[in-house]
Every structure is written in C-alpha cells, then in structure tokens.
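# Summary of structural features
What follows is each chain in one-letter form.
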Amino acid sequence: MNRRKFLQWSAFTAPLLAYKTTGNIEKPIVVSTWDSGMPVNAEAWKILKEGGKSLDAVEAGARYIEDEINCCVGLGGYPDRDGIVTLDACIMDENANCGAVAAVERIKHPVSLARKVMEKTPHVLLAGAGAQQFALENGFALEPAILSKDAENAYQQWLKKSEYKPVINIENKKENGPFAPPFFEDGSANHDTMGLLAIDAQGNLSGAVTTSGMAFKLHGRVGDSPIIGAGLYVDNAIGAATSSGVGEEVIRICGTHLVVEYMRNGYSSQMACKKACDRIIQRDREKAKQIQVGFLAINKQGEYGAYAIQKGFVFSVKNSKENKIVPAKYFFG
Ligand code: GLY
C-alpha cells in the first residue's frame with residue numbers, strides 16, 4: 001500500500017479501530033466505582049435523563065456520597081494516624097478544565113470545592129490549609145472536627161497497634177449496609193474511593209472523584225484521587241478513566257492517563273484498564289500481590305469496562321437500559 005492509500009485507509013478505519021466496542025452502548029450513561037455507586041449513579045441520572053450536563057451529574061453524584069456519614073468517602077471516612085479526616089477530590093470536564101483539592105479538613109463537599117478551584121481560579125489544585133481558606137472565602141461552612149461512630153471505633157482499634165497496613169480493597173461490607181465502611185476486627189485499614197464518569201446527551205464526558213484516602217495514612221498524605229492523570233482523566237475525544245485502591249501505585253504510572261492513552265491506541269475500555277493494572281504488576285509483582293488497584297473506564301461511545309489487580313472490585317452502571325453492579329475482572333484472587 002503506498003503512503004497516500006495508507007493515509008486514506010487509516011483515515012477511514014482508525015476511528016473504527018479506536019472505538020472497538022463490546023456490550024451495550026447507550027448514552028447518556030454514568031458509571032462509578034463500587035456498589036455504593038448505585039445510589040450515586042441514581043443521583044447523577046436525575047440530571048443526565050433531563051438532558052443536563054455530565055459535569056453537573058458527576059458533581060451531584062459525588063456530593064450525594066459525601067453527604068453519607070456512614071461511608072468511607074467524605075467527613076464520615078476514616079481518619080489519618082493523627083485522628084484527623086482529610087479529604088481529596090477532583091473534577092474534570094469535556095474541555096480539559098479541571099480542579100482539585102487535597103488534604104482538606106472539615107469541608108463537607110470537597111468535590112464542589114474542586115469545581116470552584118476549576119471555575120474561579122487560574123489553578124488546578126489547592127491543598128491543606130489553603131484549600132480550606134479558599135472554601136471559607138467562597139461560602140463553604142466549616143464542619144465540626146469529629147469522627148463518625150464507625151470511624152472512631154476503627155481508629156480506636158487501629159491505635160492499639162498503630163501499624164500502617166493497607167488491606168486489599170474488596171466489596172466486603174454487605175453485612176454492614178450499603179454505605180458502611182468496611183470494619184475489620186484488627187483495625188487494619190481499608191477505604192473506598194468514589195470515582196464517577198458520565199457521558200451526557202450531548203455526548204460530552206466528565207468525571208469526578210472524592211475520597212477520604214487511605215485510612216490511618218500519615219497526616220498530609222495525598223493519594224491518586226485529586227491528581228489529574230492519576231485518579232481521574234477525561235479526554236472528550238477518546239474517553240475517561242478513574243481509579244480506586246492504593247493511590248501511590250496509581251500515581252507512579254499516571255494510571256488514568258495511561259488508561260485513556262491505551263483507549264486512544266484502540267484498546268477497549270476493559271483491556272485498557274487491564275493493561276494499566278499489568279503495568280503496576282510488572283513493576284513489582286510481589287508487592288502487587290499484596291495490594292488492590294482497580295481502574296474503571298468508558299470510551300467516547302459509552303462502552304465501559306474495568307479491571308483490578310485483585311478479585312473484589314466492582315462498579316455500578318446506569319443508563320436508560322441498565323442499572324446494575326458489575327464485578328470487574330482481575331489478575332489475582
Ligand atoms: N485511591 C485513594 C487513595 O489512595 O487515597
């Protein structure tokens with residue numbers, strides 16, 4: 001094939017290769033991490049089904065879970081080793097506008113604060129005391145510095161040994177209700193991160209992430225969740241991805257940016273997530289066997305997929321035809 005013919009051929013077929021799809025594709029759509037994504041998706045869906053913007057939908061979904069006091073996301077989440085809850089969140093729209101806050105204390109809706117950073121400042125990420133100051137200047141209330149009952153119990157248990165030992169994140173909390181933090185008798189750490197990705201009726205993609213991060217972390221530790229390209233990435237021409245699990249391993253590989261780049265190169269959402277997990281495993285297989293990382297992605301056409309290092313990662317899907325929890329495929333388990 002000469003060069004001209006090749007260019008003509010690739011101009012015609014590249015989009016088909018890039019958007020190789022599987023399963024049902026129905027837009028608008030919202031997908032989110034974990035089974036606690038079901039009510040989160042329902043909240044986002046209220047906006048999407050009326051033709052609203054995906055950015056508003058993901059913010060509304062994230063706010064919903066931040067309001068849930070018995071959850072590992074938001075102010076009800078587990079504290080750091082000093083007994084302080086610090087929150088991370090970010091948001092990104094179809095024009096690569098993005099905002100994030102990290103290690104922010106006593107602010108109920110970090111996702112909305114992240115959106116304020118995006119819309120009202122020339123910056124992308126505000127952290128710690130500066131993020132809180134910005135919140136107060138913009139009408140956010142300072143919430144009391146108290147732990148939820150579950151978080152207090154878990155912290156008291158953890159204090160007995162004071163070991164930082166993340167356990168593998170799995171969907172294991174049915175017996176405690178859909179929003180309860182996983183509670184371990186030995187006080188070992190676990191957490192949930194809520195990541196949402198949505199495509200609206202106009203075909204535009206947005207994403208948001210909110211978390212209290214790894215339980216019993218060092219004070220000031222920031223994970224992948226508020227880092228654009230690690231915990232969340234949106235490219236409106238290609239797709240979007242989010243992550244859950246041990247944030248340090250996701251940051252090392254710029255995880256969600258990598259997933260989107262794999263989709264750009266023609267991989268399905270699920271295969272792109274699988275390849276990103278494999279990148280972590282290739283770096284240190286023995287370490288990877290001890291940790292959880294899960295990626296969730298959706299491409300421009302609405303084909304979703306996920307993959308995790310360990311068994312037990314699930315995600316939630318909502319569109320006009322589906323409303324379900326899907327177990328992700330995995331490497332070890
Ligand atoms: N993935 C959330 C965190 O590491 O904090």
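Now for a quick tour of the structure.

Here is what the cut-offs are and how they apply
Residues numbered from 1 in each chain as written. Predicted model: local features only at pLDDT ≥ 70, side-chain atom pairs only at ≥ 80, totals over all residues. Heavy atoms only, no water. Helix = DSSP H or I, 4+ residues; strand = E, 2+ residues; numbered from the N terminus. Buried < 20%, exposed > 50% of the residue type's maximum accessible area, 1.4 Å probe, protein only. Contact = heavy atoms within 4.5 Å. 1 Å grid on protein atoms, 1.4 Å probe; cavity = no way out; pocket = protein on both sides within 12 Å on 5 of 7 lines; lining within 4 Å. Points joined across faces, edges and corners; volume = space filled by probe spheres on them. Nonpolar A, V, L, I, M, F, W, Y, C, P; charged D, E, K, R; others polar. Arc of directions from axis to C-beta. Pairing = 2+ DSSP bridges. Polar contact = N/O pair within 3.5 Å; in protein donor to acceptor, adjacent residues only side chain to side chain. Axes fitted to C-alpha atoms, helices over the stretch in contact; angles between N-to-C directions. Parallel < 35°, antiparallel > 145°, perpendicular 65-115°, else oblique. Phe/Tyr/Trp six-rings, centres within 6.5 Å; stacked < 30°, edge-to-face > 60°.

### Overview of the overall build of the protein chain
- Scanning the protein chain for helices and strands turns up ten helices and 13 strands.
- The buried share of the protein chain, reckoned over its 333 residues, is 56%.
- Once local pairs closer than 6 in sequence are excluded, the contacts in the protein chain between residues at least 24 apart make up 65%.

### What to know about the layout of surface pockets
- Of the pockets and cavities examined, the largest pocket occupies roughly 320 Å³.
- Along its surface, the largest pocket is lined by 17 residues, and Leu75, Pro144, Ala145, Ile146 and Leu147 are the ones closest to its centre.
- The class makeup of the residues in the lining of the largest pocket is eight nonpolar, three polar and six charged.

### With respect to helix H5 (residues 128-137)
- Among all positions in H5, only Gly128, Ala131, Phe134 and Ala135 are buried. Axial view of H5: buried residues confined to an arc of 125°, hence all on one face. Structural note: H5 exposes Ala129 and Glu137 on the side pointing more than 90 degrees away from its buried face.
- For H5, the elements touching its buried residues are strand E3 (98-104), helix H4 (110-120) and strand E4 (125-127).

### A look at the pairing of strand E2 (residues 87-92)
- The element E2 is largely enclosed, with a buried count of six among its six residues.
- A two-sided burial pattern is seen for E2, the buried positions comprising Leu87, Ala89 and Ile91 on one face and Asp88, Cys90 and Met92 on the other.
- The hairpin formed by E2 and E3 contains five residues between the paired strands, and Ala96 there has a positive phi angle of roughly 65°.
- Examined bridge by bridge, E2 and strand E6 (residues 205-211) share five bridges and lie antiparallel to one another. For Asp88, the partnering residue across the bridge sits in E6 and is Thr211.

### So, the environment of Ser316
- Note that Ser316 resides in strand E11 (residues 314-319).
- Counting along the chain gives ten residues from Ser316 to Val326, while the straight-line C-alpha distance between them is 6.1 Å.
- Apart from the residues lying within four places of it in its own chain, the contact partners of Ser316 are Val30, Val31, Ser32, Trp34, Asp35, Gly37, Met38, Asn41, Lys324 and Ile325.
- Polar contacts involving the side chain of Ser316 include one to the main-chain carbonyl oxygen of Trp34, which spans 2.8 Å.

### Describing the packing of H4 against H5
- Where H4 contacts H5, the axes come no closer than 10 Å and their chain directions differ by 80°. Classified by the interaxial angle, the pair formed by H4 and H5 is roughly perpendicular. Residues Leu113, Lys116, Val117 and Lys120 of H4 touch H5, and the partners they reach there are Ala131, Phe134 and Ala135.
- Residues of the contact of H4 with H5, tallied by class, amount to five nonpolar, no polar and two charged.

### Focus on the packing of aromatic side chains
- Per the counting criterion, the structure on display carries nine aromatic pairs.
- Summarising the aromatic geometry, the rings of Tyr155 and Trp158 are spaced 6.2 Å apart at their centres and angled 15° between planes, so their arrangement reads as stacked. In this pair, Tyr155 and Trp158 are both assigned in helix H6 (residues 149-159), three residues apart and thus about one turn of the helix distant.
- Relative accessible area serves as the criterion here: at 10%, Tyr155 is assigned to the buried category.
- In this structure an aromatic cluster arises from ring pairing among Tyr78, Tyr155, Trp158 and Phe216.

### Overview of the sheet that holds E3
- Taken in spatial order, the eight strands of this open sheet run E4-E3-E2-E6-E5-E1-E11-E12, and their pairing is mixed. Of all the strands in the sheet, just E4 and strand E12 (323-327) have a single pairing partner and so form its edges. The mean inter-strand angle of the sheet, taken between neighbouring strand axes irrespective of direction, is 10°.
- As paired elements, strand E1 (residues 29-33) and E11 share five bridges and run antiparallel to each other. Each residue of the ladder has a partner; that of Ser32, found in E11, is Ser316.
- Strand contacts of helix H3 (residues 54-66): E2, strand E5 (193-199) and E6, with the helix running at about 15° to E6, the strand carrying the most contacts.

### With respect to the sheet that holds strand E8 (residues 239-245)
- Strand order in the open sheet made by the five strands is E7-E8-E9-E10-E13, with mixed pairing throughout. Two strands close off the open sheet at either side, each with one partner strand: strand E7 (232-235) and strand E13 (329-332). Taken over all neighbouring pairs, the strand axes of this sheet differ in orientation by 15° on average, direction set aside.
- As defined by bridge partners, E7 adjoins E8 across four bridges and the pair is classed as antiparallel. Within the sheet, the bridge partner assigned to Val234 lies in E8 and is Ala240.
- On top of the sheet, helix H9 (residues 269-283) reaches strand E9 (293-299), strand E10 (304-310) and E13; it is set at about 20° to E10, its chief contact.

### With respect to the side chain of Thr33
- Looking at the element boundaries, Thr33 is found in strand E1.
- Polar contacts involving the side chain of Thr33 include one to the main-chain carbonyl oxygen of Thr193, which spans 2.7 Å.
- Within the structure, Thr33 has its side chain in polar contact with the backbone nitrogen of Gly195 (distance 2.9 Å).
- Not counting residues up to four positions away in its chain, the partners in contact with Thr33 are Thr193, Met194, Gly195, Thr242, Ser244, Leu296, Phe313, Val314 and Phe315.

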